Amino acid sequence: MPRPGFVHHVDRSTPPTLFWRGEGFSLERLPADRSRIIYAPEPLPAIDDIDGSIRHALEHPIDDDPLSSKMFPGMKLTIAFDDVSLPLPKMRRPDIRQRIIEAVLDTAAAAGVDDVHIIAALALHRRMTEAELRHAVGDRVYDAFAPRGLLYQHDAEDPDALAYLGTTPHGEEVEINKRAAESDLLVYVNINLVAMDGGWKSTATGLASYRSLRHHHNVHTMQHSRSFMDQHRSELHKSNWRMGKVLVDSGVKVFQIETTLNTDTFPQPFDFLSKREWEWSARDRAAFVASSKSLARTPVRLARKIFHSIEAPHQMTSVQAGAVEAVHRVTTEHVYRQQLVEVQGQTDILTMGIPYICPYNVHSIMNPILVMCTGLGYFFNLYRNKPLVREGGVIIMTHPTLPDFHPVHHPSYIDFYEQVLSQTTDPKEVEKYERRFAEDDWYRHLYRTSYAYHGVHPFYMWYWGSHAMQHAGRVIIVGGDTAAVRRLGFTPASTMSDAFELASDVVGRSPTITHLHTPPLMVADVS
Amino acid sequence: MARDDRPNTGAASLRRLTRAVAPAERIATTVGRLAGSRGFPYRAPTIPVGVEVPKEASRLGADFDTDFARRAPAKAARSVITNGPVRLMVKALADPQIFGVDRLDDLARREEPPPLIFAPNHHSHLDTPLMTVAVPEPWRSSLVVAAAADYFFTSRVKGTAAALALNAFPIDREVTSRASSDRIRALVDDGWSLVIYPEGGRSPDGWGQAWKGGAAYLSSRTGAPVVPVFIDGTGAIYGKGSKRPRPGRTRVVFGHPLTPLEGESTRRFSARIEAAVAQLADESAHDFWTARRNAARGATPSLTGPDVTGWRRQWALSEQRRSSQAGLRRRQKRRWPRLD
Amino acid sequence: MRALQVRRNPGRFGLARLAAGIDTRAAVRMGPLEYVRIDPPDLPGPDWHRVRPRLTGICGSDLATVEGHAAPYFDDWVSFPFVPGHEIVGDTDDGRRVVIEPVLGHAARGCPLPFPDAAPGDGDDYAHLVRPPLEPGIQIGFCASTGGGWASELVAHASQLHTVPDHVTDEQAVMVEPAAGGIHAALMCATKVVGVDAPVVAVLGAGTMGLCAVAGLRRYLHGVRIIVGARYPVQQRLAKALGADEVVDPAELPRAVRRAVGCHMVGDHLSGGAHATIDAVGSSASIGTSLRITRPRGRVVLLGMPAEVRLELTGLWHRETELVGAYTYGTETLPDGSRARTFDLALDTVASCELQRLVSATYPLADHVEALRHAAAAGRRGAVKIAFDLRSSQEARR
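Residues numbered from 1 in each chain as written. Chains lettered and ligands numbered in written order. Predicted model: local features only at pLDDT ≥ 70, side-chain atom pairs only at ≥ 80, totals over all residues. Heavy atoms only, no water.

Student: What exactly am I supposed to notice about the overall build of chain C here?
Tutor: Within chain C one finds 14 helices and 19 strands. Against the 2.2 N^0.38 benchmark of 21 Å for 398 residues, chain C shows a C-alpha radius of gyration of 20 Å, consistent with a compact globule. A principal-axis box enclosing the C-alpha atoms of chain C has dimensions of 60 × 50 × 40 Å. Counting across all 398 residues of chain C, residues that qualify as buried make up 58%. Look at the contacts in chain C between residues 6 or more apart in sequence, and 72% of them connect residues 24 or more apart. Taking the average location of the 41 positive side-chain charges in chain C and that of its 44 negative ones, the two points are 6 Å from each other. (Helix = DSSP H or I, 4+ residues; strand = E, 2+ residues; numbered from the N terminus. Rg over C-alpha atoms; globule rule 2.2 N^0.38 Å. Buried < 20%, exposed > 50% of the residue type's maximum accessible area, 1.4 Å probe, protein only. Contact = heavy atoms within 4.5 Å. Lys, Arg positive; Asp, Glu negative; His and termini not counted. Charge placed at Lys NZ, Arg CZ, Asp CG, Glu CD.)

Quick look at the structure:
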C-alpha cells in the first residue's frame, strides 16, 4: 500500500538528509526543531494491462465519439506526440507513446486510412535524434514512417509549414503547424509528468511558432502564474486555454489522449534516492557510500553519460482520451492523486538539491541557466496556493553550476550567458534583448537543421524563474562555481552552514527551513 | 610445593584468553570507533521521534523463498553445462535479430507472469534452439519445447541430450495421443511455457503448410495465451533436406499474445493465430504500417505461397528469399544453366 | 650623462631571452641593457636640436629588444650601441616643449623628400633609413648617432619636433607617439568602413596600442561599431571609456562579432565577420583569430609587432582577406578627403580623449629594472603604459 507524502519535522534524531548536486549527491544536516522535510508520496501501482486500457480509452472516450468512428478512408490524419523533454528520466521500452501510437495506427489501418503524418510536437525545443525518436515511438513505427518522410519534427521557423488561425480577445496570435491545423483529425499523444503539461497547452504550445509563444512565454505571464502547476491560478494556462478556443472555433479537431505516470523514478540499486533516510537498509547505505565516493572521482563527462543512460521504471497509472478539457480535468486529478502533499504554512528558507536533469538537457549538459530554471522555475513552482517559502525569504540550492555549455544543443545559451547576463539579470531588462536572439539567422539555421534549441529559448528559461526571483529576498547556491553563480545574480556559498550564515542577514539567526526532497516529483498544497 | 599452591588456573586462563584475543579486539574497536565517528550512512540511521518504520515481512518457515532454485545460480549451473554451447551455436549459425519483445511487456511486468504458448512457423530443426535463445525472460528459463519424437528421440543419447540442452519433450507429429496432450496440459498448469509448431512438421518446399489446431486447443483448455511468432531465414540456412547447415542471418518477430474469444471454436482461433503470424511476416518483410493496412484490407500475403505448382513455386520462393532480410549471408553463386 | 644603453652582445641577448621566460628582472640584469655613464651625442648638423626628455614611454618593441626577443629582421636597421626610448616629450635648448616624431626620415638624413610636405615616415623606399652621414636606424631610439629617450639628452632634427600646446600636459604628451600609431592603424580601416551600412571593426588586444586604436576609431571613423577583446579589467574599463561599443574577454570575441554582424559560423570561421580587424597583439593565435573573424575581402591591420609566427593561410586565400602592417605614422587622408599629419591628429586626440589615463606609473631611470618588470606585466598588474620620469633629474641639474 503506497504511503502518502508527508512533512517530517526534523529533530535531533533525524539522520542527515539527501541533497542532489548535479551528477552527485551529499548528505546535509538540517537544524533540529525548526526544519521540515517534505517527502513525496510513494509510487502508485501501475496499470496491469496497459495495452488493454489504451484500447478501452480510445473506444470509450470522455465527451467524444470513439476513435474508430472518427476515422474514414481518404482522411488526413495527424498524430502529434510530446518530445524528448518527457518523461524524466526516460522510460524503459516500450515507451507510452509507442503503445498509444501503435493502437491509434491499428484503428486507422482498420478504417482504411492511408494519409498519416506523425509529428514530434517540440515547439522551440531541439529536434530529436534518430535514437531518441526510436526510443519514443518504437522501431516498428519509426521504420514504417520515417523513411517515407511521414514521421518528422515540427519546424516552427518554416513559414510554409505554419497556419495562422486567428487571435484571442486578448490579442494573442494563434499560429500552429499547418498540417495539424488542416487535418481531418489531430490526435495528440501526451505524457502528463507534472500538472503543467497537457490540456490545450499540448497543441497551442507544442505545435506553435514564436509568433504565438511570445504571448504567454514572457515575464508578465510567468510572474502571474502562481503557480503554473495549478491550472486555475496560472496565467500561462489561461492564455493557452484562450488559444484553444481559437483552435476549436477555426475548425481544428483534436482528439486528446493523456496519460499519467507513477513516481517510481529510480531503478535498482538507486531506489534509496527516493526513500526516507531513516528507512535506508544496510544495502542502501552501502550503495550511497559507494556511488557518492566513486562519483566524486569520476570525470564530469563520464558521470553525465552514466546518469543520462538511466532508464526509470515508472509506468502508466491512467490513460484517458477524448475532448481536450474534459480529459485534462481527469488527468489533473490523477496527477494530484500521485503527487499532492499537504503542507501547513510557509517558512523563511527553502532548500532544494538540483539533480542532473531537467526537461531541457536530456542527453546533454546542465548549464548555469538551466540550473536556475530547474530550481527557481520548476522546483520553486511545485506548489498550490502559496509558495513554500515566504515572500522575501531565502532560497538555497545545491549544484556544481559549472559554466559548461553543450555547443550543439545550447548555442544561444552561450551568447545569452556572455552578452545578456553580463549586463543584467533582471528579467524585465533581459526581455529587451529577446527580439534580436529570436530573429538571429544563425540560431534559426541551427534550430532547423541541427539539434539546437531555438535562439529565444534561454530567455524562456530565465522567465520561468522570474516569479521566484521577484518573490525571494536572496538566492544562494551551495557548491557552485563562484563566477558562474555571481553571473546568475546569486550568492555563492561553499557549505550549507555558510549558506545559512549568509542567509542570516535576510532571515535572521533562527530561520525556519523547508527542504523539498525531490525528485521524485510532488506538488505541495500549502495552506 | 603442594598442588594447591599453584596459582588459580581460572584467572590465568582468562588472562591467556584476553591476551590471545587482544589483537582481534584492537582491530574491532578501531573499526567500531571509525564507524562510530562517521555516523550515518556508515552506521544504521537513528529513528526520529514519533515515526513508525514499516516492518519487513518474515522470511522463515512457510514463507521460505525457494525461487532461488529456479533462478540464476541453479540455472547458471545448468546453463554452463548445456545452454552456453547451444546459444553460441545458434548465434554463430543463425545470428538472430529479435523483434517485438516489447509486445510481451505487460505480461512480463505482472507479479506472476502467466505461462505462454509460443506458436511459430516451422522451416528447420534450427527453429527449436533458436526459440530457446529468442524467447525473453521470465519465460525462457521455464520453457519447454515440443520436439519431433521421430527425430530427436530416436535413441537414448539423442533424447537425453535434447531434453537436457533444449528442455525438449517428445511430440508425435501426425496424431497427438490423449496421453501426450494431457501431459502437455499438466506442464502448462505447472507454469511451464511451451513452444509448439502448429504446422506439425517442417516445410518441405520453403512455403508454409496447413495449420493444425494444437496450440489453439491447448490455449483454450489451459487459459495460457498464445504468442504468434514469425521465424525467417532458418529455411535457407538448414531447411528440410539440407545435408549440413550454412551460416546465415535469421529474424524472430513476436506478436501480441492472443486469447480465445468468448465461445470461439478451436478452428477459428487457430485461423486467427495463423493470420497473426502471416501479418508478422508481412511486418518483417515490409513494415508495421503496411502490414496493418494489408491486414485491415485482408490483403496480407499468405504464408503458404502462390497458388501454383512446380517450378513457379520455387521461383516465387527464391524471389521472396532474395528480398528478405534474413537467410544466407552470401548470395548464392549464380548457376548458369548448361545449354550444351 | 646617465643613460640606458643597448650594446651588441649576442651572448647577452641569448641569456636575456632565456631568462625572460622566468623573470623579467633577471632578463634585464643579464641582458644587453646597461645603465652607464656616456657622453651626450653630438649634433650631427645645423638643423639638429638638443632635447632634454621630461617623460619617455616604454614601448612593446623596447621590451622585446631588452628581453632578447627582437626579430633578426632589425639587425640591419639599427646601429649599436643605441639608447632606447622613442616616445618622448621634452624641452629643446630654445625653451620649447616638444614631442618627437622618432622616424629618421628623408629630411633628417638630408635626402630629398618623396613629395612636398612629406612627413618623416612617408615614402615607399626605405633606403634612406640606413644611409650616411647618420648611423643606420629606423628611428630615434634605435640609432647610435642620435641617442634616445632613456637618457637625459638626445638630439633630433627640426622636422621631427612638434611643439606641444600649453593645455596639453606632459602625461598626455608622452602618449602622442603611441596615439599616432593607433590613429594610423584606425585610419587604415577607413577603406573598408566608409560608405558601408553598419560597419563593424574588431580590435584584439587592449594594451596601449589597442586602446589608442580604439580612441582613433571612435574619433575619426564615424558610425563604426567597435568590439574589443580585452583580457584584464583595467583594459576593459579603459576600452569602454574610450568609446568601444562592446568589450569582451578575448575567448568570447568571435561570438561577439558574430552577434553584432548576424552571420553564421562554418567550422570555427565566421561566414561573414567584421569589416576590418585591428590586431594589437601580434601572436600566432591572435592573427589566426583575426583572420577567422574578418569577413571575406575584409582587412586585418597588424598593429602589434609580430615576430616569427605560424599561420594557416588557406582561409586568407579563400576569403581574399587583406593582411597589412601598420608600423607608423606620416600623412593621413581622412574619410572626408582632407589630409593631415598623424602627429597633429594625435596631439588633438591625447587632449580630447584624456589619454593621460593610460599612463599608469612612472619611474626614474635608476629604477629601470622595476620599470621594465612593471611594463612586462602591465596588464596583469592593472597598468597600461609605464614611463620614465626624467623631470626630477632635470630639476636637480637646474
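Student: Please explain the interface of chain B and chain A as it appears in this structure.
Tutor: Put simply, an interface is often sized by how much accessible area is lost when its parts join up. The partner chain A presents 42 residues to the 29 residues of chain B that form the contact. For the pair chain B and chain A, the two sides together bury roughly 3,000 Å², of which 57% comes from carbon and sulfur. When the buried area of chain B at its contact with chain A is split by residue, Phe40, Phe288 and Trp289 of chain B rank highest and sum to 24% of it. In this structure, the connection of chain B to chain A is made through 6 salt bridges. (Buried area = accessible area lost by both parts, 1.4 Å probe. Salt bridge = Lys/Arg side-chain N within 4 Å of Asp/Glu carboxyl O.)

Student: What am I meant to see in the domain arrangement of chain A here?
Tutor: All names here are of chain A. The domains assigned to chain A are domain 1 (6-39 + 344-526) and domain 2 (50-261). Averaged C-alpha coordinates put domain 1 and domain 2 at centres separated by 29 Å. For the pairing of domain 1 and domain 2, the buried interface totals around 3,500 Å² over both sides, and the portion due to carbon and sulfur atoms is 60%. Joining domain 1 to domain 2, the criterion identifies 3 salt bridges. (Domains from an automatic or database assignment.)

Student: Sorry if this is basic, but what is going on with the environment of Ser494 of chain A here?
Tutor: Residue and element names in this part refer to chain A. Its place among the elements puts Ser494 in the loop between β18 (491-493) and α20 (496-507). The exposure class of Ser494 is exposed, given its relative accessible area of 55%. With 297 residues separating them along the chain, Ser494 and Asp197 place their C-alpha atoms 36 Å apart. Not counting residues up to four positions away in its chain, the partners in contact with Ser494 are Val478 and Gly479.

Student: It is not clear to me how the sheet that holds strand β20 (residues 523-526) of chain A should be interpreted in this structure. Could you clarify?
Tutor: Residue and element names in this part refer to chain A. Strands sit in the order β13-β20-β15 across an open sheet of 3 strands; the sheet is parallel. A strand with exactly one partner marks an edge of an open sheet, and here the two such strands are β13 (340-343) and β15 (383-384). As defined by bridge partners, β15 adjoins β20 across 2 bridges and the pair is classed as parallel. Each bridged residue has a counterpart across the sheet, and for Arg384 the counterpart in β20 is Asp525. Packing against the sheet, helix α11 (residues 324-339) makes contact with β13, β15 and β20, and its axis sits at approximately 60° to β13. (Pairing = 2+ DSSP bridges. Axes fitted to C-alpha atoms, helices over the stretch in contact; angles between N-to-C directions.)

Student: Where do I start with the packing of aromatic side chains in this structure?
Tutor: Summed over all chains, the structure comprises 34 aromatic pairs over all chains. With centroids separated by 5.0 Å and ring planes inclined at 70°, the aromatic side chains of Phe437 of chain A and Phe459 of chain A adopt a geometry described as edge-to-face. One end of the pair, Phe437 of chain A, is in helix α15 (residues 434-439); the other, Phe459 of chain A, is in helix α17 (residues 457-464), with 22 residues separating them in the sequence. For Phe437 of chain A, a relative accessible area of 3% gives the class buried. Residue class for Phe459 of chain A comes out buried when judged on its relative accessible area of 0%. Ring geometry for Trp77 of chain C versus Tyr126 of chain C: centroids 6.3 Å apart, planes at 85°, classification edge-to-face. A residue pair is termed long-range when its members are at least 10 positions apart, and Trp77 of chain C in the loop between α3 (60-66) and β4 (88-92) and Tyr126 of chain C in the loop between β5 (97-100) and β6 (154-157) qualify at 49 residues. For Trp77 of chain C, a relative accessible area of 18% translates into the label buried. Classification of Tyr126 of chain C by relative accessible area gives partly exposed; the value is 38%. Feature note: the residues Trp20, Phe25, Phe266, Phe270, Phe272, Trp280, Phe288, Phe307 and Tyr356 of chain A together with Phe40 of chain B constitute an aromatic cluster, connected by ring pairs. The ring of Tyr164 of chain A is capped by Arg211 of chain A, whose NZ or CZ atom sits 4.2 Å from the centre of that ring. (Phe/Tyr/Trp six-rings, centres within 6.5 Å; stacked < 30°, edge-to-face > 60°. Lys NZ or Arg CZ within 6 Å of the ring centre and 35° of its normal.)

Student: Sorry if this is basic, but what is going on with the domain arrangement of chain C here?
Tutor: Residues and elements named next belong to chain C. Examined at the domain level, chain C breaks down into domain 1 (2-177 + 350-397) and domain 2 (189-325). One C-alpha centre belongs to domain 1, the other to domain 2, and the line joining them spans 28 Å. On the side of domain 2, 13 residues touch domain 1, which itself brings 15 residues to the contact. Counting the surface domain 1 buries against domain 2, the share from its top three residues, Arg357, Leu358 and Val384, is 34%.

Student: Before we go on, may I ask you to explain the sheet that holds strand β6 (residues 115-121) of chain A in this structure?
Tutor: Strand pairing in a sheet takes place through backbone hydrogen bonds and is either antiparallel or parallel in direction. Residues and elements named next belong to chain A. What the 6 strands build is an open sheet, ordered β7-β6-β5-β10-β11-β12; its pairing is mixed. A single partner strand is all that each edge strand has here, and the edge strands are β7 (151-153) and β12 (316-322). In this sheet, adjacent strand axes meet at a mean angle of 20° when their direction is disregarded. As paired elements, strand β11 (residues 254-261) and β12 share 6 bridges and run antiparallel to each other. Residue pairing across strands places Thr259 opposite Val319, the latter belonging to β12. Against the sheet, α11 makes contact with β10 (185-192), β11 and β12, and its axis sits at roughly 5° relative to β11, the strand it touches most.

Student: Before we go on, may I ask you to explain the pattern of salt bridges in this structure?
Tutor: Two side chains with opposite charge may pair up if their charged atoms get near one another. Residues and elements named next belong to chain A. Tallied over the full model, the rule gives 70 salt bridges over all chains. Of the charged contacts in the structure, one is a salt bridge between Arg448 and Asp155, with a shortest N-O distance of 2.8 Å. Of this pair, Arg448 sits in helix α16 (residues 441-449) while Asp155 is found in the loop between β7 and β8 (162-167), placing the two residues 293 residues apart along the sequence. Residue Arg448 is classed as partly exposed on the basis of its relative accessible area, which comes to 33%.

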